[in-house]
Amino acid sequence: MTATGKKRIVLLSCNDLLGGAAIVTYRLMRALHDLGHDADMLVTNKQGDDPHVHQLGTAAARKWRFIEERLGIFMRNGLNRRDLFKVSTASTGMNIHNHPLVRQADAIFVNWVNQGTVSLNEMRRLCAMGKPVVWTMHDMWNMTGICHHAYGCTGFHDSCGNCKYLGHRASASDLSHAVWLRKKALYDSSEIRFVAVSNWVKQCASRSSLLRDKEVTVIHNAFPAEQFPVGSGGSSMSTDDKGPRHVIAFGAAKLDDPVKGIRYAIDALNILADQSPQLADKSIAIFFGRLDNKALLSDLRFPHKAIGSITDKADLQKLMGQTDVILSTSLYETLGGTLIEGMSAGATPVSFGEGGQVDIIDHKSTGYIARYLDPADVAEGIRWAIATRLDRNRQHKVVSDRFNARDIALKYLSLIS
C-alpha cells in the first residue's frame, strides 16, 4: 500500500468485456479508480483498449493453455463435445504470480478465471504470496468439482464423483472428484476470501462440502443505472389504431440455451393470448439475443418479434426504455443483468425466483416473483405488471441505490482493509 493509503489492486479475469462476469469485473476496476486506487486487470482475452487492462502471455501460450485444458476434459468425458464447456478443471493456466503488477499489488481480486487463465496450482502460488486474495463467485464452479452450474445435482454437497457430464467415464473417483480433492486442498491451506454475487449463490455455497465452513460475503455486481435512462415504455413506440402497445422484452446472449427456460415464457405468453386476448392485442413480446433454433417461436400465438442480438448500446438503451415488462424465466440466475438493465429504464421485472432474482425484485413492490416452473403464474405476473404500472423513476432509483459501483467497490475494499 502506498504512503497515501492508496491501494494497488490487480483483478484477474478471463476476459475484459466479453461476458457478464468480465463486464462487471471491468466496472469494479473503474470504480476502484474513481475512489483513488490503482487497479489493473490481467486477462487472457482483451477486446477493449483500456490501458489498465493487460493481456497475459503470448498468443501461442494463451491458445495452448486453452486447448490443453479442453483436450484433457475431452479425453476424460467420453469424447463428448456437447458438454465440453459445461465444466472446467483449472488444470492449466498462465504464469501470473511473477507478473510485475501482481508482485506490486496489495491485494488480488480473482473473478471468472477458467478456460486456461488461472490454474489451481497457480492459485496456490498466489495465495502463498501473503497478499489478501478475494475470489468472486460468478457461477457455481468454486463450490463444485468441475461444473459451472449444478442444476439439480447434489453431488457437490458431498465430494462430487459420478458426474453426469462425464458420460460413461463417470465413477466415484472420476475427474469431478479428482478436481474436488484439489480444490479442497487449496481451500484448506489458504485464506481466500470468497464473495457471492447474490444471496442465492451464498446459499448454494453453504450446502457445498468445499465452502460450507468458509466465510462467504455477499456483494452484488455493479450495474450503471445511469446508462439506462428512464423511458416511457411501450407508449413511446409508433402505434396504429390499436393504441399504445405494452412491450414485454425477453433477452439472453443465447435465447435457446436450456438454462434460460424460454419454453416457460412461450407457454406463459400463449396463456395470455388465450385468456386475455384484449391485452395480447395491444401488446408485443420482443425477443433479443442469438437464436439457433429458428422454429422455437413457431407455436407462439402472442404477438411477437425476434430481433437477434443487440450489439449497439444505444439500441439496447432504446429497447429498455420502450419496455414495460422485462421478463425472465431462467431456471437459475446468479444475479440477472437483463432484469436490472430493464428495471433501470423503468420496466417491471417478472421472473422466477430460483437465483439472484430475489436480490433484485421485491415481490409485488418492484416486480413479480412467479412460482417456479409455473407458466400460469408467469402469465399472472405479466398481467399484474401491466395493470399496476409501477412508477418508472422509482424503479430506476431502486437499481441506482442497490447496485451502484461506488458502494460495491467500497464493500470490496472493506475485505482487504
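Procedures and definitions
Numbers given to residues run from 1 along each chain, matching the order in which its sequence is written. Only residues with pLDDT of 70 or above have their local features reported here, since the model is predicted, and side-chain atom pairs are shown and tallied only from 80 upward, although totals for entire chains, interfaces and linings are computed over all residues. Think of the side-chain values as coming from all heavy atoms in the structure, minus any hydrogens and water. Residues enter patches when their relative accessible area tops 30% and they take part in no salt bridge; the joining distance is 9 Å for like charges and 5 Å for the nonpolar side chains Val, Leu, Ile, Met, Phe, Trp and Tyr. With residues, only the protein chains shown are counted as cover, and all accessible areas are computed by Shrake-Rupley using a 1.4 Å probe. By definition, a salt bridge exists where a carboxyl oxygen of Asp or Glu is found within 4 Å of a side-chain nitrogen of Lys or Arg. In this description a helix means any DSSP run of H or I spanning at least four residues, a strand means any run of E spanning at least two, and both kinds are numbered starting from the N terminus. Using a 1.4 Å probe on the protein chains alone, a residue whose accessible area is under 20% of its type maximum counts as buried, one over 50% counts as exposed, and one in between counts as partly exposed. Whether a set of points on the 1 Å grid over the protein atoms alone is a cavity depends on a 1.4 Å probe fitting there but being unable to get out, while an open set qualifies as a pocket with protein on both sides within 12 Å along at least five of seven lines; lining residues are those with an atom within 4 Å of a point. Grid points are joined across faces, edges and corners, and a volume is the space filled by probe spheres set on the points. In this count, Pro and Cys sit with the nonpolar residues alongside Ala, Val, Leu, Ile, Met, Phe, Trp and Tyr, while Asp, Glu, Lys and Arg are called charged and the others, Gly among them, polar. Between the N-to-C directions of two axes lies an angle of 0 to 180 degrees, each axis being a line fitted to C-alpha atoms and, for a helix, fitted only over the stretch in contact. Roughly parallel refers to an angle under 35 degrees, roughly antiparallel to one over 145, roughly perpendicular to one between 65 and 115, and oblique to any angle outside these ranges. The contact criterion used throughout is that any non-hydrogen atoms of two residues lie within 4.5 Å. Expected span of a helix, by definition, is 1.5 Å for each gap between consecutive residues, and there is one gap fewer than residues. Here the arc refers to the set of directions running from the helix axis out to each C-beta atom. Here a polar contact means two N or O atoms within 3.5 Å. Within protein one must be a hydrogen donor candidate and the other an acceptor candidate, and residues neighboring in sequence count only if both atoms are side-chain atoms. In this analysis, strands are considered paired if DSSP registers two or more bridges between them. Put simply, buried Ala, Val, Leu, Ile, Met, Phe, Trp, Tyr and Cys residues joined by side-chain atoms within 4.5 Å make one nonpolar core. Our working definition of a disulfide is a cysteine sulfur pair at a distance within 2.5 Å.

(A) Inspection of a nonpolar patch on the surface at higher detail. Residues W64, I67, L71, M75 and L79 make up a contiguous nonpolar surface patch of roughly 490 Å² in combined accessible area. Mapped onto the elements of the fold, M75 is located in helix α2 (residues 59-76).

(B) Seen up close, the pattern of salt bridges. Here the structure, examined in full by the defined rule, presents 18 salt bridges. Two residues, D83 and R82, come together in a salt bridge whose shortest N-O distance is 3.3 Å. Given a relative accessible area of 4%, D83 falls into the buried group. For the salt bridge of D377 with R371, the shortest nitrogen-to-oxygen distance reads 3.7 Å. Given the relative accessible area of 52%, R371 is considered exposed. Salt bridges sharing partners connect three or more residues here, namely K254, D256, R290 and D292.

(C) Molecular detail of empty space enclosed by the protein. Applying the stated rule across the entire model yields four cavities of 30 Å³ or more. One number sums up the size of the largest cavity: a volume of about 120 Å³. Lining the largest cavity we find 16 residues, and of these C147, C153, C160, C163 and S176 sit closest to its centre. Of the residues in the lining of the largest cavity, the class split is eight nonpolar, seven polar and one charged. Its volume calculated, the second largest cavity comes out at about 70 Å³. The wall of the second largest cavity is formed by V24, T25, L28, N111, T136, H138, H220, N221, A222, I408 and Y412. Listing elements by their share of the lining of the second largest cavity, those giving two or more residues are α1 (20-34) and α14 (405-414). Looking at which element gives the most residues to the lining of the second largest cavity, the answer is α1, with three residues.

(D) How the structure looks around the packing of α1 against α14. Two elements in contact, α1 and α14, have axes whose closest approach is 9 Å; the angle formed by their N-to-C orientations is 85°. Between α1 and α14, the angle is such that the two are roughly perpendicular. Residues L28, A31 and L32 of α1 form the contact with α14, whose own contacting residues are A405, A409, Y412 and L413. In the contact of α1 with α14, the residues fall into seven nonpolar, no polar and no charged.

(E) Region of the structure containing unusual backbone geometry. Here N162, not a glycine, exhibits a phi torsion of approximately 50°, which is positive. Take N162: it is sitting in the loop between β5 (133-137) and α5 (175-188). In this structure, R389 is a non-glycine residue whose phi angle is positive, near 50°. Relative to the elements of secondary structure, R389 occurs in the loop between α12 (375-388) and α13 (392-403).

(F) Spatial organisation of α13. Counted at 1.5 Å a residue, the expected span for α13 with its twelve residues is 16 Å, and the 17 Å between its end C-alpha atoms agrees. Burial in α13 covers these residues: R392, Q395, V398, V399 and F403. The buried residues of α13 occupy one face: seen down the axis, they fall within an arc of 115°. Looking at the buried side of α13, the elements it contacts are α9 (313-322), α10 (337-344), β12 (348-352), α11 (357-360) and α14. Between the side-chain oxygen at the start of α13 and the backbone nitrogen of N393 there is a gap of 3.0 Å, and the oxygen is on D391.

(G) Region of interest: the sheet that holds strand β6 (residues 193-196). Here seven strands make up an open sheet; going across it, the order is β3-β2-β1-β4-β5-β6-β7 and the pairing parallel. Both outer strands of the open sheet, β3 (53-55) and β7 (216-218), are each paired with one neighbouring strand and no more. Between one strand axis and the next, the sheet turns by 25° as a mean value, whatever way the strands run. Of the strand pairs in this sheet, strand β2 (residues 38-45) and β3 are connected by three bridges, and their pairing is parallel. Looking at the pairing, M41 lines up with V53 of β3.

(H) Geometry of the side chain of H220. Inspection of the secondary structure assignment puts H220 in the loop between β7 and β8 (246-254). Using a relative accessible area of 15% as the deciding quantity, one classes H220 as buried. Reaching out from H220, the side chain makes a polar contact with the side chain of D359 at a distance of 2.9 Å. Leaving out residues up to four positions away in the same chain, H220 has contacts with V197, S198, L335, D359, R402, F403 and I408.

(I) A look at the nonpolar core. Residues L12, I96, M123, W135, M137, M143 and I192 are the most contacted members of the largest nonpolar core, which totals 53 residues. Elements with a minimum of two residues in this core: β1 (8-15), α2, β4 (107-110), α4 (120-127), β5, α5, β6 and α6 (199-207). Take this core: its biggest share by element is five residues, from α5. The contacts of L12, once residues within four sequence positions are left out, are L42, I96, I108, F109, V110, N111, V113, V118 and L126. In terms of nonpolar packing, the next biggest core, distinct from the first, is built from 33 residues, F302, A370, W384 and I386 among them.

(J) Spotlight on the state of the cysteines. All chains considered together, the criterion is met by zero disulfides. For C14, which is in no disulfide, the shortest distance to another cysteine sulfur is to C147 and amounts to 18 Å. The closest cysteine sulfur to the non-disulfide-bonded C204 is located on C147, 11 Å from its own sulfur. Judged by relative accessible area, C204 falls into the buried class, the value being 3%.

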